Amino acid sequence: MFLCVCDIGTEELGHLEMVGTIVHQLTRSMTPEDIKRAGFDAYFVDHTAGVYPVSASGSPWNAASIGVKGDVITDLNEDLAAEQKARTTYDNILRLSDDPDVNDVIRFLREREIVHYQRFGEGLRLAMDKLDEKNYYSCNPAFDRNCHNRMLPEMKQRQ
């Protein structure tokens, strides 16, 4: 599972690069009038034509958007939700875009989000099966030192 998560993380960085390249290609020849007409003037003042990761509403990306709790079930559910949110974002871009070259890349990225969702789902099922074997679903064995002691006596015997 660890290698799968690392592979997905690496691929997600590639997605950022692809989206950044699209934005650069679409904006590199904008005139000051184009910038103002498109509503990019405030962005341009801060970032010129550089690609700066912000949401569609203008909120800059930061690590606070990553939901990590240190619990495998919680974190994998967060990953599943993130993949679905990305897919929805790509769906919305496709609804608005009329550029076939952009749409081809966005469709590819959307497909990858679906594959990531499937891999995280498989990981969640494997993790839950493994934890259920040890009756750990009520605690986090990575941090709860007495988790083993909370197990029913018949579960302890199986180990």
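Attention in this report is confined to the structure presented alongside it.

Reading the values: the criteria
- Residues numbered from 1 in each chain as written.
- Predicted model: local features only at pLDDT ≥ 70, side-chain atom pairs only at ≥ 80, totals over all residues.
- Heavy atoms only, no water.
- Helix = DSSP H or I, 4+ residues; strand = E, 2+ residues; numbered from the N terminus.
- Buried < 20%, exposed > 50% of the residue type's maximum accessible area, 1.4 Å probe, protein only.
- Areas by Shrake-Rupley, 256 points an atom, 1.4 Å probe, with all protein chains shown as cover.
- Core = buried A, V, L, I, M, F, W, Y, C linked by side-chain atoms within 4.5 Å.
- Contact = heavy atoms within 4.5 Å.
- Salt bridge = Lys/Arg side-chain N within 4 Å of Asp/Glu carboxyl O.
- Patch = residues over 30% accessible without salt bridge, like charges linked within 9 Å, V, L, I, M, F, W, Y side chains within 5 Å.

With respect to the overall build of the protein chain
Here comes step 1: In terms of helices and strands, the protein chain carries 7 helices and 0 strands.
Here comes step 2: Along the protein chain, from the amino end to the carboxyl end, the secondary structure elements read α-α-α-α-α-α-α.
Here comes step 3: Residue burial in the protein chain is summarised as follows: out of 159 residues, 19% are buried.
Here comes step 4: Here the protein chain has roughly 11,300 Å² of accessible surface; of this, 57% comes from carbon and sulfur atoms.

A closer look at the nonpolar core
Here comes step 1: Core analysis: the largest hydrophobic core is formed by 6 residues, namely Ile8, Leu76, Leu80, Phe120, Leu124 and Ala127.
Here comes step 2: In terms of residue count, helix H5 (residues 100–133) provides more of this core than any other element does, 3 residues in total.
Here comes step 3: Residues in contact with Ile8, not counting those within four places in the same chain, are Glu83, His116, Arg119 and Phe120.
Here comes step 4: Formed by 5 residues, the second largest nonpolar core is a distinct cluster that contains Ile22, Val102, Ile106 and Leu109.

Some points on the pattern of salt bridges
Here comes step 1: Enumeration according to the criterion identifies 6 salt bridges in this entry.
Here comes step 2: The closest approach of N and O atoms between Glu11 and Arg112, which form a salt bridge, is 2.5 Å. With Glu11 in helix H1 (residues 2–27) and Arg112 in helix H5, the pair connects residues that are 101 residues apart, well separated along the chain.
Here comes step 3: Owing to a relative accessible area of 24%, Glu11 belongs among the partly exposed residues under this scheme.
Here comes step 4: Here Asp91 and Arg87 are joined by a salt bridge, their closest N and O atoms 2.6 Å apart. Of this pair, Asp91 and Arg87 both sit in helix H4 (residues 72–96), 4 residues apart, which is roughly one turn of the helix.
Here comes step 5: Accessibility expressed as a relative area gives 14% for Asp91, which makes it buried.

Structural notes on the environment of Tyr90
Here comes step 1: With respect to the element layout, Tyr90 can be found in helix H4.
Here comes step 2: Residue classification places Tyr90 among the buried positions, given a relative accessible area of 9%.
Here comes step 3: Residues Tyr90 and Glu111 lie 21 residues apart in sequence; the distance between their C-alpha atoms is 9.6 Å.

Regarding a nonpolar patch on the surface
Here comes step 1: The grouping of Val19, Val23 and Val51 at the surface amounts to a nonpolar patch, some 190 Å² of accessible area in total.
Here comes step 2: Mapped onto the elements of the fold, Val19 is located in helix H1.
Here comes step 3: Residue classification places Val19 among the partly exposed positions, given a relative accessible area of 31%.

Re the environment of Pro53
Here comes step 1: Relative to the helices and strands, Pro53 is located in the loop between helix H3 (41–47) and H4.
Here comes step 2: Residue class for Pro53 comes out partly exposed when judged on its relative accessible area of 46%.
Here comes step 3: Residues within four places of Pro53 in sequence aside, it is in contact with Ser59, Pro60 and Trp61.

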